[in-house]
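So the chains spell out like this:
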Amino acid sequence: MAKDAKDSYLVGLIGSGIGPSLSPALHEREADRLGLRYLYRLIDIEGLGVPPEAVGDLLRAARDLGFDGLNITHPCKQLVIEHLDALAPQAEALGAVNTVVFEDGRSVGHNTDVTGFAASFARGLPDVPLERVVQLGAGGAGAAVAHAMLTLGAERVTVVDALADRAADLAAALNRHFGADRAAGAALDALPALLAHAGGLVHATPTGMAAHPGLPLPAELLHPGLWVAEVVYRPLETELLRTARSLGCATLDGGGMAVFQAADAFRLFTGREPDSARMLADIAELADAVGTPSQ
């Protein structure tokens, strides 16, 4: 049966500490508007008391139980890969999967974090300079965002992380995929000099989340010549964005990435075209709730 011939879907999210996730509400609200029966379940490894390495067993159980697909979040985005039958090119290039589709007995991994951030950035900051971009954070979200920035045409992305080796490793992977000298890694102490000459800052660490409030860098490093893009979406207005706006910086909140990655996953699960404008209105309402964001 073709995806778009169905009207009932069972999907879920595997991750740790995912209770506050907005994915169920985002997916189920849009499904309701499209007249679909759609159940989105949370499969929290923390609550189940199993290690991240159990993702393979959970994946097989979900497939056996008739799930149509799964979202995958921290800490399982890399661990799930060895248990899949195939990878979409974007997921293969990134080495991380956040969406698994079950179809014809096979499991196929995708990464909608990359496409989600790219769509949000193109919509929210369409005309900003991309010659020199500084990205703070080289974790899972950081890898996806850096790929998105280079796909969007950034000439050079310098990744800064508290773990300098992690930043260097991500930069090396980016250069292998996009070409030499498109990316560089740097330690935190390089941030002042880098931002002084950068056109934009992408923030991809947990700082600013409801559970991790505050600024991820000294406020004096921001200046009106910078645009600032945020990955955190709960709250939508982080302290970083407030500070940047007060200086006259063009800014982008993390809500768009959350919506567009969810919309891309919804499309993969159902074959239906979601209305991202309606979902953006949903996120503005839902993100007001206090909690720690997940997938």
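Residues numbered from 1 in each chain as written. Predicted model: local features only at pLDDT ≥ 70, side-chain atom pairs only at ≥ 80, totals over all residues. Heavy atoms only, no water.

K.L.:
Lay out the overall build of the protein chain in plain terms, naming residues and giving numbers.
P.N.:
The secondary structure content of the protein chain amounts to 11 helices and 12 strands. At 19 Å, the protein chain has a C-alpha radius of gyration in line with the 19 Å of a compact globule built from 295 residues. Based on the C-alpha atoms only, the size of the protein chain along its principal axes is roughly 55 × 35 × 35 Å. Sequence-distant contacts, at least 24 apart, represent 71% of the contacts inside the protein chain between residues at least 6 apart. Summed over all atoms, the accessible surface of the protein chain reaches about 12200 Å², with 53% contributed by carbon and sulfur. A gap of 3 Å separates the mean positions of the 22 positive and 36 negative side-chain charges of the protein chain. (Helix = DSSP H or I, 4+ residues; strand = E, 2+ residues; numbered from the N terminus. Rg over C-alpha atoms; globule rule 2.2 N^0.38 Å. Contact = heavy atoms within 4.5 Å. Areas by Shrake-Rupley, 256 points an atom, 1.4 Å probe, with all protein chains shown as cover. Lys, Arg positive; Asp, Glu negative; His and termini not counted. Charge placed at Lys NZ, Arg CZ, Asp CG, Glu CD.)

K.L.:
Quick rundown of the packing of aromatic side chains? Include the residues and the values.
P.N.:
Taken as a whole and assessed by the stated rule, the structure comprises 4 aromatic pairs. With a centroid separation of 5.2 Å and 25° between ring planes, the pair formed by Tyr38 and Phe266 is classed as stacked. Within this pair, whereas Tyr38 is found in strand 2 (residues 37–44), its partner Phe266 is found in helix 10 (residues 255–270), the two being separated by 228 residues in sequence. This pair shows no difference in class: Tyr38 is buried, exactly as Phe266 is. Geometrically, the ring pair formed by Phe121 and Trp227 is edge-to-face, given 5.0 Å between the ring centres and 70° between the ring planes. Pair noted here: Phe121 is in helix 5 (residues 112–124) and Trp227 is in strand 11 (residues 227–230), with a separation of 106 residues, a long-range link. Pair check on accessibility: Phe121 and Trp227 agree, each one buried. Ring pairing ties together the aromatic residues Tyr9, Tyr38 and Phe266, which thus form one cluster. (Phe/Tyr/Trp six-rings, centres within 6.5 Å; stacked < 30°, edge-to-face > 60°. Buried < 20%, exposed > 50% of the residue type's maximum accessible area, 1.4 Å probe, protein only.)

K.L.:
If you had to explain the packing of helix 1 (residues 23–33) against helix 11 (residues 276–286) to someone new, which residues and values would you point to?
P.N.:
At a minimum axis distance of 10 Å, the contact between helix 1 and helix 11 shows a crossing angle of 135°. What the angle tells us is that helix 1 and helix 11 run oblique. Crossing hand, helix 1 versus helix 11: right-handed. Each of Ala25, Leu26, Arg29, Glu30 and Arg33 in helix 1 lies in contact with helix 11, whose residues at this interface are Arg278, Met279, Asp282, Ile283, Glu285 and Leu286. Classifying every residue of the contact of helix 1 with helix 11 by side-chain character gives 5 nonpolar, no polar and 6 charged. (Axes fitted to C-alpha atoms, helices over the stretch in contact; angles between N-to-C directions. Parallel < 35°, antiparallel > 145°, perpendicular 65-115°, else oblique. Left-handed = near helix turned anticlockwise from the far one by under 90°. Nonpolar A, V, L, I, M, F, W, Y, C, P; charged D, E, K, R; others polar.)

K.L.:
Account for the confidence of the model for the protein chain, with residues named and values stated.
P.N.:
Taken as a whole, the protein chain shows an average pLDDT of 94; of its residues, 96% reach a score of 70 or greater. Confidence drops under pLDDT 50 across residues 290–294; counting only partners more than four residues distant or on other chains, this segment forms 16 contacts. (pLDDT = per-residue confidence, 0-100.)

K.L.:
Requested: an account of the pairing of strand 1 (residues 8–15), with residues and values cited.
P.N.:
Burial within strand 1 is extensive, with 6 of its 8 residues counted as buried. Note that strand 1 and strand 2 share 8 bridges and pair parallel. Residue pairing in the sheet places Tyr9 in a bridge with Tyr38 of strand 2. A crossover links strand 1 with its parallel partner strand 2, the connecting element being helix 1, and its sense is right-handed. In this sheet, strand 3 (residues 69–72) lies alongside strand 1 in parallel orientation, the contact comprising 4 bridges. Following the sheet pairing, Gly12 is matched in strand 3 by Leu70. (Pairing = 2+ DSSP bridges. Right-handed = clockwise from strand over helix to strand, strands pointing away.)

K.L.:
A description of the nonpolar core should follow, citing residues and the corresponding values.
P.N.:
The biggest cluster of nonpolar side chains holds 34 residues, and the ones touching the most others in it are Phe117, Phe121, Met149 and Trp227. Elements with a contribution of two residues or more to this core: helix 5, helix 6 (140–151), strand 8 (156–160), helix 7 (164–178) and strand 11. No other element matches the 7 residues that helix 6 contributes to this core. With sequence-adjacent residues up to four places away left out, Trp227 is seen in contact with Phe121, Leu125, Val128, Pro129, Leu130, Val133, Met149, Gly199, Gly200, Leu201, Val202 and Ala250. (Core = buried A, V, L, I, M, F, W, Y, C linked by side-chain atoms within 4.5 Å.)

K.L.:
Hey, could you go over helix 11 for me, with residue numbers and the actual values?
P.N.:
Within the span of helix 11, buried status applies to Met279, Leu280, Asp282, Ile283 and Leu286. Down the axis of helix 11, the buried side of the element spans an arc of 160°, and every buried residue falls inside it. Elements in contact with the buried residues of helix 11: helix 1, helix 5 and helix 10. (Arc of directions from axis to C-beta.)

K.L.:
If you had to explain the side chain of Asp44 to someone new, which residues and values would you point to?
P.N.:
Assignment of secondary structure puts Asp44 in strand 2. Despite being buried, Asp44 has no salt bridge partner; Arg234 is the closest side chain of opposite charge, sitting 12 Å away. Among the polar contacts listed, one links the side chain of Asp44 to the backbone nitrogen of Glu46, at a separation of 2.9 Å. (Salt bridge = Lys/Arg side-chain N within 4 Å of Asp/Glu carboxyl O. Polar contact = N/O pair within 3.5 Å; in protein donor to acceptor, adjacent residues only side chain to side chain.)

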